[in-house]
Each structure stands twice: as structure tokens, then as C-alpha cells.
Amino acid sequence: MRLWRVAAIVAAGAFLGLAWNAFGGRGIALSGNAYIKPGEDVVEIDAAEAKKRLDKGALFLDARPVAFYEMGHVPGALPLPEDDFDRAFTRLEPRLRNTLDIVVYCSGYGCEASHIVARKLREKGIHAAILHEGWPAWTDAGYRTKEGKEP
Amino acid sequence: MRALRHPAVHWLLGIALGAVFIYASIDKIEQPREFARIVYHYRLIGPTAALGFVLANTLAVTLPWIEALTGLLLIVGVWRREAALTAALLLVMFLVAVGWALAHGIDVENCGCFSVSGEGRAAGAKLILQDLGLLAVALVLAFVPPRAREVARVNERVRYAAPGATSK
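First things first, this report covers the structure right here in the doc. These numbers were taken from a predicted model, which means no experiment stands behind them.

Points about the interface of chain A and chain B
Alright, step 1. Contacts between the two partners involve 28 residues from chain A, matched on the other side by 30 residues from chain B.
Alright, step 2. Sorting the residues of the side of chain A that touches chain B by element identifies α1 (3-23) and α4 (85-97) of chain A as the ones contributing at least two each.
Alright, step 3. Examining the composition of the side of chain A that touches chain B, we find that 12 residues originate from one element, α1(A), more than from any other.
Alright, step 4. Of the residues assigned to the side of chain A that touches chain B, the class counts are 15 nonpolar, 8 polar and 5 charged.

Listed below in C-alpha cells is the structure:
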């Protein structure tokens, strides 16, 4: 048994992998988020899919102004209001970067806040899906909500 | 135990283990983005705020090729013992990853073992048994020398020890 050969196998395999990634034509950016495909549009999901993701531990972000959040929000959701994005983002950044599945919602019926928040997150390399029709879709489906400042 | 040292058994085990490793690498080589997402799911090496995605992505693009190369060497029988040890180390790594996921209650829907598509197998007890089985094969190939090799080694020793032979 020659241990240097084991090291050589690993090194050669790693080299091949990096070379293939660089020149094989379907490589990924090593520092990028594999959830974000270049040119891929924002993903919109419906309430049922959102509920499924919530049950699996997805992180929900409430893009509406904080006052609306306090009146009622998806249980577990954190406030990331579009009108106060930078401050809220700084506070949430570590958590967001450690979360794979993020869903953003806003007031629904053509509200823009969730799209703006999702776009800003994308610019920072964080992928978030958007709950289509937002808050009303959630309440219309009869899913649980929560009042107050606590998530 | 005697049967395990038969050269033909080694030859067969090498081909079988090699085939498993090559088969496991194909889907991941074809779809690095999907495999990277599976690596994220384990939450073992990121992505984290400190490390970003680099570590997980680098593993995702290099691991399948290390598997493929290991499998190829096992099949053709070049550096077979070292390739088997590499396979054993990889399997230990997989076991650690699956154990980690189970211990932390992370629901790894698709273990990323053979396929990166959604219909893959979940990481669970069955997977651990499968990895342990493969690990046993790899360890036999790495540490139980086939008889022919043993004979050659004894001959070598005898030659060195023979009176009149020049010592090294």
C-alpha cells in the first residue's frame, strides 16, 4: 500500500472535476448559489406549495410594512419590509445565508414588495421564491396566521 | 476467509465496486448544479455566512470525478489496493454525512448517492447499511491481499533472507 497513490487519486480526480467544471460547458460558478440559474426568473409558488415548504422548515419573509406584519403574519415569518430593506437585511443576513428555502410574500393582488425584496436578495446571492398573491392567498386557503411582533 | 484471498474474488469485487462508483458518478457529473443543491441540503460544509458557497460547490464538482477515477482504477485493476482505500475513505465520508443529517434531523429527501433527480432515495438507515456493505468490500480489497500477491511477497522475503544474497 502506497499512501501517496491515494492522495494522487484524490488530487487527479479533483483536478479533472475542476477542469471539467471550467471547460466542460455546464460548469457552475464556484462561489455562486447553485439555486440561482443565470437568467432564471423568480419562482412563484401558490399557497399550497408554500404551506408544504413551511412545514418542511422554509423561512418566510414578510415584505409588507411592519404595521401589517404585527396585525397578522404567517407563523414563523420574519419581517423584511421592502421600505426598510437595508436595515432589516443587515439583521437577518446570517440567518438568510444559512437557509436554503426562503419564501417572500406581500399584500397580494399586484403588490410589488415581494418582487422587490426577492430581487434585492438575488443581488446578494440569496434565492427566494415568491408566494403568488401573497397574504390573501394564504388567508383564503385557511392556513394558520399569527398576530404580534413575535414570529 | 480463505476465499476472500482468492485473486478471482478480488478481481470480481474490484469490478463490482468500481462499477458502483462509476455509476454513482455519471448523474452528478452531468448535473453539477443539481448535485450542489443536494450537498447544500446536508448542511455539513455550507453554505454558511463564513464560508459562502465555495466549499460546497467545490466538493460538488470534484467529488464525482474522484468517484469516477476511483471506479475506473478498481475496474482495470491498476493501483487497486490504493483505489480501494480511496473508495473506503469516500464511503466513510458519506457515512459521516448521512449520520450528521440524521443526527440533526435534516430531512435529506434525496441522498444524492446515484441520482440527483427528485426521485432519489432518502438518507436513512437503509442507506447506512448499503454504505457499510460497500465499505466492507472496499476494506477487503485494500487490506486483504490476494493469494498470488502474498506468494510473491513471501518469495521476495525469502530471496532477501537467502544466504549469499546481498542485503539492501
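Some thoughts on the packing of helix α1 (residues 7-30) of chain B against helix α3 (residues 54-76) of chain B
Residue and element names in this part refer to chain B.
Alright, step 1. For the pair α1 and α3, the least separation of the axes is 7 Å and the interaxial angle reads 155°. With respect to α3, the axis of α1 lies roughly antiparallel. Read as a crossing pair, α1 and α3 show a hand that is left-handed. Residues Gly14, Ile15, Leu17, Gly18, Ala19, Phe21, Ile22, Ala24, Ser25, Lys28 and Ile29 of α1 touch α3, and the partners they reach there are Pro64, Trp65, Glu67, Ala68, Thr70, Gly71, Leu72, Leu74 and Ile75.

Regarding the pairing of strand β2 (residues 59-62) of chain A
Residue and element names in this part refer to chain A.
Alright, step 1. Burial along β2 is two-sided: Leu59 and Leu61 facing one way and Phe60 and Asp62 facing the other are all buried.
Alright, step 2. Taken together, the 4 bridges between β2 and strand β4 (residues 102-105) define a ladder with parallel strand orientation. Of the residues in β4, the one forming a bridge with Asp62 is Tyr105.
Alright, step 3. Handedness of the crossover is the feature at issue here: the chain leaves β2, passes through helix α3 (residues 66-71), returns alongside strand β3 (residues 78-79), and the resulting connection is right-handed.

Thoughts on the environment of A:Glu147
All names here are of chain A.
Alright, step 1. Secondary-structure assignment places Glu147 in the segment after α6 (134-140).
Alright, step 2. Here Glu147 falls in the exposed class, since 10 other C-beta atoms lie within 10 Å of it.
Alright, step 3. With residues near it in sequence (within four places) discarded, Glu147 still touches Met71 and Gly72.

Here we look at the sheet that holds strand β5 (residues 129-131) of chain A
All names here are of chain A.
Alright, step 1. If you trace the 5 strands from one edge of the open sheet to the other, you get β1-β5-β4-β2-β3, paired in parallel fashion. Looking at strand neighbours, the two that pair on one side only are β1 (44-45) and β3, the edges of this open sheet.
Alright, step 2. Judged from the 2 bridges that link them, β1 and β5 form a sheet pairing that is parallel. Bridging across to β5, Glu44 finds its partner in Ile130.

Conventions used here
Residues numbered from 1 in each chain as written. Chains lettered and ligands numbered in written order. Predicted model: local features only at pLDDT ≥ 70, side-chain atom pairs only at ≥ 80, totals over all residues. Contact = placed C-beta atoms within 7 Å. Helix = DSSP H or I, 4+ residues; strand = E, 2+ residues; numbered from the N terminus. Nonpolar A, V, L, I, M, F, W, Y, C, P; charged D, E, K, R; others polar. Axes fitted to C-alpha atoms, helices over the stretch in contact; angles between N-to-C directions. Parallel < 35°, antiparallel > 145°, perpendicular 65-115°, else oblique. Left-handed = near helix turned anticlockwise from the far one by under 90°. Buried ≥ 20, exposed ≤ 12 C-beta atoms within 10 Å, placed from the backbone. Pairing = 2+ DSSP bridges. Right-handed = clockwise from strand over helix to strand, strands pointing away.

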